[in-house]
Every structure is written in structure tokens, then in C-alpha cells.
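# Geometric and topological summary
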Amino acid sequence: MRLRGDLGDVGARWLERFAPVFERLGSEVTVMFSPQTIILLQSARATGGIDAHADLRVDEVFERLKMTSANDDKIAARLEPSALSRALRGMIALEATRVEARLVKRAASAESRAMPYLNFTAIDGRAEVSQDVPIVGPLNRAEVAACEKIVEANVVDVPYWLDCDRFALESVRETVERFARVSDFVEVTTTRSGSLYVTASRGSVRMLGSEYRGLRVLPAEADEYDERADDAGGVASRLAEIKSSGIGNTVMLSVKHLQRGLLGCASNPSNLLVGISSRGNYFELVFRYGAQTERDGDSVGFMVRIPVVADEQPE
Amino acid sequence: MASDDSWTYALDVSIAHVRAFTSALSSLRLARRQRAKVRADASGLAIATSDDSKTCHASANFRSETFRSYALDETAARMASGGGARGRGASFEIDLAALIDVLGAFQGKDGDAEARVRWPSRSGALTIELECARGTGERELRQGVCAEIMPEVSAEGSAETEMSFRDEANAFMMPTGTLKEIVDDLEWPSGDVDIEIDENSLKFSAHGAEIGDLTVDVDVSEGRLTEFTCREPSVSRYKYRFLKSATSVGANFLGSGVAGGGDDTVTMTRVSVSSVGFLKVVHLLHLSRNRMSFTSGGINESMVPVTFIVNPVEDIDDDADGEDEE
């Protein structure tokens with residue numbers, strides 16, 4: 001089992017975008033390396049209810065990566081996102097020409113056992129600065145398979161997505177923050193004509209709703225936007241029309257889960273895709289980084305899967 | 001769902017500065033759970049609150065000119081208010097905390113936004129709406145926010161405790177921020193506050209049994225205060241928490257406080273004491289920082305007076321240990 005690679009400055013910054021998000025979501029993150037991708041993953045157990053993972057193509061992060069393992073050259077380990085963040089920030093601050101990442105085993109003293117670390121070393125001319133991030137692992141084949149299962153379950157089952165640009169995604173995030181003061185649960189409605197609704201209610205506040213119309217729908221074949229659609233009547237009546245005619249999809253979510261999922265906004269995405277799974281049991285978020293990646297639009301992504309609350313809303 | 005063409009709202013107003021409006025409403029909160037009475041007539045909207053003991057009352061008066069648009073339909077208002085012959089206009093009660101939280105959802109990122117408020121909807125609710133568009137590319141992104149709040153049912157037989165203040169004896173005027181600071185400082189002794197006024201002095205003091213005394217002496221010599229009148233020397237005592245509520249105004253109203261900058265940049269408060277010791281505090285808040293819009297009458301269009309009336313604590317007794325009755 002070996003892992004050794006050269007992180008470019010850009011690569012370190014990519015990882016550093018996500019480490020603070022994982023830090024806020026939970027105290028432990030699993031890092032999975034394969035020759036093609038790097039995945040940072042937190043399962044629902046670690047985050048308190050939602051699955052979240054960042055998916056990066058190896059060549060966005062590493063200029064050179066050599067790795068071998070008995071498990072199809074996959075290597076996974078668990079570590080604390082705060083420790084990873086500290087190490088990465090340290091490396092970025094040094095502005096070194098080269099940062100090497102390696103899996104190592106070290107013993108603190110002659111008597112103690114050798115423990116595994118993910119080591120980052122900044123090499124700059126004559127100076128070398130080295131930081132160890134303690135890890136639990138490498139994980140065995142079964143654990144790796146379990147992680148892969150979580151990753152693969154994301155994103156596959158959504159018939160259509162609504163595409164929110166920077167302004168819209170920031171507005172959605174703020175809306176959810178404000179609605180959180182009113183209610184513990186929110187309803188989210190999406191339509192194939194590019195409308196998104198977030199609504200909450202509690203006590204004498206019978207309805208508090210936010211509407212976004214004119215969002216792009218993906219894939220293009222699913223787009224049913226009609227610019228000639230009659231849209232008089234106000235937010236509340238349009239939403240009532242959508243629900244009563246059954247043309248949209250509606251799910252209820254815990255507002256805390258949604259707030260936590262939207263922490264991904266802090267990673268400075270270019271846009272956010274939102275969609276409801278076909279069976280109506282998950283609400284999925286995909287944060288994309290578009291023009292910010294070197295290779296192509298999807299070489300970096302951050303995905304969140306939020307479970308839908310059962311129909312009974314507690315009063 | 002039919003459009004709203006066939007439905008007439010009793011009250012249909014557009015608020016130009018939601019943030020300032022919400023901040024003014026927040027100052028009316030005297031308790032964590034607060035019911036507010038909303039009264040609308042042709043001249044404007046008054047929102048009033050009082051605390052459970054009915055010894056502290058607050059109200060904000062939004063004249064129709066302080067809104068971007070204001071419309072009251074008398075017929076619909078009479079029907080909505082239960083057809084009682086009690087007078088013109090519309091009135092209903094609302095959960096103030098819920099209203100403040102909901103208005104928070106209408107504030108734009110850079111601070112301000114407009115909202116349309118109407119009452120009652122077909123279901124009897126107060127509705128608030130905001131719509132805006134941002135065109136980028138061929139498809140315009142349109143955003144909207146809406147809210148519906150059900151009014152509170154008036155408790156049966158609850159007496160109308162109107163705010164009343166008569167026979168003003170003494171009065172003074174000072175910047176709102178200054179008054180707030182004085183009252184904030186008086187929190188330390190943890191006791192009721194005495195306000196002592198005579199021809200040459202204005203003193204605020206508080207005495208805390210195990211803590212100590214604090215007195216704030218305000219310089220009332222010529223020209224220091226915008227107004228200072230003393231018809232009969234008075235000493236009156238008030239519960240600290242009511243005085244604090246009566247002087248806590250949102251920071252966004254306190255103005256830049258430019259030294260010597262003149263009264264139009266600083267929010268002012270007028271305080272008066274009646275002959276039997278009732279305290280009236282009136283803050284002259286401005287919903288808009290834009291001072292350019294002075295009407296010919298000289299009154300700033302966006303001015304909203306927020307008034308507090310506080311009952312005095314009975315039996316001022318030097319031996320009293322200043323304990324708050326609950």
C-alpha cells in the first residue's frame with residue numbers, strides 16, 4: 001500500500017475549500033483515493049442525517065500521483081476535517097513550489113506503536129516543512145465498499161434538476177436561514193417549468209413562502225419552461241395551482257438538514273442543482289464549479305443527499 | 001384559484017422600507033410573546049401593545065404618507081371587523097413576534113426591500129407579498145416571497161385599555177441615543193428608577209438594595225437640551241424593565257450622532273411626566289435615511305412616532321427595598 005503525490009497549489013486550495021464545510025458538518029471525514037478520483041465523504045451518521053461528499057478528479061488536485069493497494073488501487077482513511085484544514089492552510093500559506101502528500105507510518109517514540117498519517121510536506125528550495133494529519137486506516141475492503149455504495153446512491157435517481165446561479169443559490173440559502181426562525185420543517189416544491197418553492201408554516205403563520213421562477217431545467221429534454229405561461233395572481237395562488245394540479249413535486253424536509261446541506265454554499269460554487277428523487281424520498285443538492293476548474297465543468301462536485309421527512313408533520 | 005379581482009381587501013398598503021418598518025415594530029415588544037392591536041383608518045395605521053400588567057403601553061403611528069401606497073376600503077373594513085358600529089376603519093390583533101419574524105424574510109441582501117401588505121384575505125389572514133425580477137440572459141429569474149398570518153382571536157370580554165396621558169406637568173427632549181445610554185447605565189443597581197425634575201435639574205437615579213446607588217445628572221442649563229419645561233417639581237418612580245423597553249430603539253435609528261450636526265441627523269425623543277406621575281416617551285423615528293424628501297409642511301414624510309406610556313410605581317417610600325413585584 002503506497003500513496004505519494006505532488007499537490008499543486010491549486011490542488012491544495014481545492015481541498016481547502018471543502019475541509020471547512022466538512023468540519024461544520026461533522027467531526028470525521030473519510031478520504032478515498034483512487035487513480036482517477038479523490039472523494040471526501042461524510043455519511044448521514046457522521047453529519048447527523050445527511051450524506052455529503054466532494055468528488056474531485058485526481059488531475060485537478062494532483063500534478064502527479066502514484067498509488068497502489070491490494071484493493072484495486074483504492075485507499076481510504078478517516079480523519080478529522082479540522083486537522084486536514086490546518087495542514088492545508090499551512091501548506092498554502094508557505095507558497096511552496098511543491099507540496100508532497102504521502103501515506104506514512106510513524107511511531108511517536110521508540111516504545112510506542114507506529115501510527116498512520118497523511119503527511120504533507122512543502123518543499124521549497126532548501127527548506128522543508130512537514131505536517132502530519134493523523135488518520136484511522138487504511139480502511140479495509142468492506143469499509144471501502146460501504147463508502148462507495150453511499151457515493152453511488154447519490155445523484156442517480158433524479159428525473160430533473162433546477163439550476164440555480166450564484167444569486168439564486170445565495171438567496172435560497174438566506175431564505176432557508178430566515179425560514180428556520182419560523183419553523184422546524186419546510187416544504188420544497190419543484191416543477192419542470194423551472195419553478196422552485198420553499199414554504200414553512202407554524203402557529204399563526206399559516207404560510208411563509210419563497211418562489212423562484214425561470215430557473216433552467218436539466219437535462220434539456222426535461223425542460224418545460226413556457227414563457228407565455230399565465231402567471232398572474234401572486235406567489236400563494238401559483239403554488240396552490242401547482243399543488244392542486246399535481247404538476248410539480250413536493251417534499252418535506254427538516255430545516256436543519258437543509259441548512260446543513262446548504263453549508264456547501266461556502267465552497268464558492270458556480271451554481272447549484274437541486275432535485276427530488278423519483279421515489280420522493282430524497283432531496284439532492286449538487287454544487288458545481290463550472291468555469292473554475294481547469295479541465296472541464298464536472299471535474300469537481302459537491303453532493304448532498306437529504307432524506308425526506310415522512311408525511312406527518314409534528315405540530 | 002380565482003384571481004383576486006373579485007375580492008376587496010379592507011387594507012392594502014405598500015411598505016417602502018421593510019427593514020426600518022420591522023425595526024420600529026420590534027421596539028413595541030414588551031414581552032417575549034406579544035399580541036399587538038392593529039388599527040387602520042383613513043389617516044394611517046396604528047399598532048399598539050401593552051404588557052400583561054397593563055402598566056406599560058406602546059404604540060407606533062404610521063401615517064398614510066409613510067407608505068409608498070395606502071388604501072382603506074371602509075365597507076370591507078366594517079365587514080371584516082365584525083360589522084360592529086364601533087367606529088370607522090379596520091382593526092385586528094396579531095402575534096407581533098410572528099409578524100417580525102416573517103418580515104425578516106422580506107429583507108433584501110443589501111438591507112432594504114418593499115412589501116405589499118393586505119388584510120383580510122378570503123381566509124381572514126394578513127397577507128404580505130414581494131415580487132422582483134432580475135433579467136439575465138433569455139430567461140428572466142423572478143423571485144417572490146409571500147406570507148399569510150392569521151390574526152389572533154380577541155379574548156372574550158377583554159377590556160379596551162386605551163393609552164391615555166393627561167395633564168402634562170414636565171417635559172424634556174434629548175437625542176434618543178443619549179436617553180438609551182442613561183437607562184442602560186442605570187441597569188447596574190438592579191432597582192426601580194426615579195426621575196426627579198425641578199426648575200434647574202433633571203436626575204435619573206436607581207437604588208439597588210445590596211448593590212448600590214447610581215445617579216445620572218443631566219445638564220439642563222440654557223441651550224443644552226432642545227426642550228426642558230418644569231411646571232411643578234416632581235419625583236416619580238418606574239420599574240426598570242419598562243423604562244428599558246421604552247428606551248430601547250433599534251441601533252439603525254440612532255443616527256450618526258454627528259456632534260453639533262443639528263437635529264435632523266439625530267433621532268430625538270421627547271419625555272413628559274404628568275401631574276400624577278405617568279411617563280410618556282415619544283421617539284421620533286424616521287423610516288428613511290433620505291432627508292431630501294421634506295414636504296412643504298416641514299414634517300418629514302417618513303417620520304413615525306413611537307410612544308410609550310408607563311405607569312408610575314405606587315408608594316414611593318425611602319424604606320422600600322425596590323423589589324420588583326411579579
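Because the structure is a prediction, the values reported are computed rather than measured. (Residues numbered from 1 in each chain as written. Chains lettered and ligands numbered in written order. Predicted model: local features only at pLDDT ≥ 70, side-chain atom pairs only at ≥ 80, totals over all residues. Heavy atoms only, no water.)

### Here we look at the overall build of chain A
When its secondary structure is counted, chain A shows eight helices and 18 strands. Projected onto its principal axes, the C-alpha positions of chain A cover 75 × 40 × 35 Å. Here chain A holds 315 residues, and 52% of them are scored as buried. Put simply, chain A shows about 14,500 Å² of open surface, and 48% of that area lies on carbon and sulfur atoms. Of the side-chain charges in chain A, 39 are positive and 46 negative, and the distance between the mean point of each set is 5 Å. (Helix = DSSP H or I, 4+ residues; strand = E, 2+ residues; numbered from the N terminus. Buried < 20%, exposed > 50% of the residue type's maximum accessible area, 1.4 Å probe, protein only. Areas by Shrake-Rupley, 256 points an atom, 1.4 Å probe, with all protein chains shown as cover. Lys, Arg positive; Asp, Glu negative; His and termini not counted. Charge placed at Lys NZ, Arg CZ, Asp CG, Glu CD.)

### Points about the overall build of chain B
Counting its regular elements, chain B contains five helices and 18 strands. Counting every position in chain B, which comprises 326 residues, the buried fraction comes to 48%. Expressed as a percentage of contacts within chain B between residues at least 6 apart in sequence, the contacts between residues at least 24 apart total 68%. Carbon and sulfur atoms make up 47% of the accessible area of chain B, which amounts to about 16,300 Å² in all. (Contact = heavy atoms within 4.5 Å.)

### Side note on the packing of aromatic side chains
What describes a pair of aromatic rings is the distance from one ring centre to the other and the angle between the planes of the rings. Overall, the coordinates contain 13 aromatic pairs over all chains when judged by the stated rule. Here F67 of chain B and Y70 of chain B contribute two aromatic rings whose centre-to-centre distance is 5.5 Å and whose plane-to-plane angle is 40 degrees, an arrangement assigned as tilted. Of the two residues, F67 of chain B and Y70 of chain B, both sit in the buried class. Here F172 of chain B and F204 of chain B contribute two aromatic rings whose centre-to-centre distance is 6.1 Å and whose plane-to-plane angle is 90 degrees, an arrangement assigned as edge-to-face. Taken together, the residues F172 of chain B in strand 10 (residues 168-175) and F204 of chain B in strand 12 (residues 201-208) connect sequence positions 32 residues apart. Three or more aromatic residues link up through ring pairs in this structure, and these residues are W14, F18, F22, F287, Y289 and F302 of chain A. Cation over ring: R305 of chain A sits above Y282 of chain A, and NZ or CZ is 3.8 Å from the ring centre. (Phe/Tyr/Trp six-rings, centres within 6.5 Å; stacked < 30°, edge-to-face > 60°. Lys NZ or Arg CZ within 6 Å of the ring centre and 35° of its normal.)

### Observations concerning unusual backbone geometry
Cis peptide bonds are those with omega within 30 degrees of zero, and the linkage from G137 of chain A to P138 of chain A qualifies with 0 degrees. Here P138 of chain A lies in the loop between strand 9 (127-136) and helix 5 (141-153). The omega torsion across L218 of chain A and P219 of chain A is -5 degrees, close enough to zero to call that bond cis. Looking at the secondary structure, you find P219 of chain A in the loop between strand 14 (216-218) and helix 7 (235-245). For K54 of chain B, which is not a glycine, the phi torsion comes out positive at approximately 60 degrees.

### Some details on the domain arrangement of chain A
Residue and element names in this part refer to chain A. According to the domain assignment, chain A consists of domain 1 (2-153) and domain 2 (161-307). The centre of domain 1, based on its C-alpha atoms, is set 31 Å off from the matching centre of domain 2. Taken together, the contact pairs 22 residues of domain 1 with 24 residues of domain 2. Summed over both partners, the interface of domain 1 with domain 2 buries about 2,100 Å², with 55% contributed by carbon and sulfur atoms. For domain 1, the biggest contributors to the area lost against domain 2 are R17, I50 and E60; these three give 26% of the whole. For the pair domain 1 and domain 2, the number of links is one salt bridge. For D51, the salt bridge identified is with R305, shortest N-O distance 3.2 Å. Listed by contribution, the elements that provide at least two residues to the side of domain 1 that touches domain 2 are helix 1 (9-25), strand 4 (51-57) and helix 3 (58-61). (Domains from an automatic or database assignment. Buried area = accessible area lost by both parts, 1.4 Å probe. Salt bridge = Lys/Arg side-chain N within 4 Å of Asp/Glu carboxyl O.)

### Considerations on the pattern of salt bridges
Residue and element names in this part refer to chain A. Using the criterion set out here, one finds 31 salt bridges over all chains in the structure. Here E100 makes a salt bridge to R102, at a shortest N to O gap of 3.6 Å. Classification of R102 as partly exposed rests on a relative accessible area of 24%.

### Notes on the domain arrangement of chain B
All names here are of chain B. When its domains are assigned, chain B resolves into domain 1 (11-149) and domain 2 (168-321). Between domain 1 and domain 2, the residue contacts involve 22 residues of the former and 23 residues of the latter. Surface buried jointly by domain 1 and domain 2 totals about 1,800 Å² across both partners, of which 58% is contributed by carbon and sulfur atoms. Our enumeration of links across domain 1 and domain 2 arrives at zero salt bridges. The interface formed by domain 1 and domain 2 includes five residue pairs in polar contact (both at pLDDT 80 or more). Breaking the side of domain 1 that touches domain 2 down by element, the ones donating at least two residues are helix 1 (18-26) and strand 4 (56-63). Counting residues per element, the side of domain 1 that touches domain 2 draws most heavily on strand 4, which supplies eight residues. (Polar contact = N/O pair within 3.5 Å; in protein donor to acceptor, adjacent residues only side chain to side chain.)

### Considering the interface of chain B and chain A
Chain B puts 30 residues into the contact, and the matching count from chain A is 35 residues. Across the contact surface, chain B and chain A share one salt bridge. R206 of chain A serves as the salt-bridge partner of E148 of chain B, at 2.8 Å between the closest nitrogen and oxygen. For the pair chain B and chain A, the interface holds ten residue pairs in polar contact (both at pLDDT 80 or more). Listing elements by their share of the side of chain B that touches chain A, those giving two or more residues are helix 3 (96-104), strand 8 (126-136) and strand 9 (139-149) of chain B. Grouping the amino acids of the side of chain B that touches chain A by side-chain chemistry returns eleven nonpolar, seven polar and twelve charged. Where strand 13 (residues 205-213) of chain A lies against strand 9 of chain B, eight bridges are found, and the strand directions are antiparallel. Its bridge partner lying in strand 9 of chain B, R213 of chain A is registered against R142 of chain B. (Nonpolar A, V, L, I, M, F, W, Y, C, P; charged D, E, K, R; others polar. Pairing = 2+ DSSP bridges.)

### With respect to the environment of P305 of chain B
Residue and element names in this part refer to chain B. Residue position: P305 is located in strand 18 (residues 303-310). By relative accessible area, which is 18% here, P305 ends up buried. For the pair P305 and R35, spaced 270 residues apart in sequence, the C-alpha separation works out to 20 Å. With residues up to four places along the chain from it excluded, the contact list for P305 reads S59, A60, N61, V282, H283 and L284.

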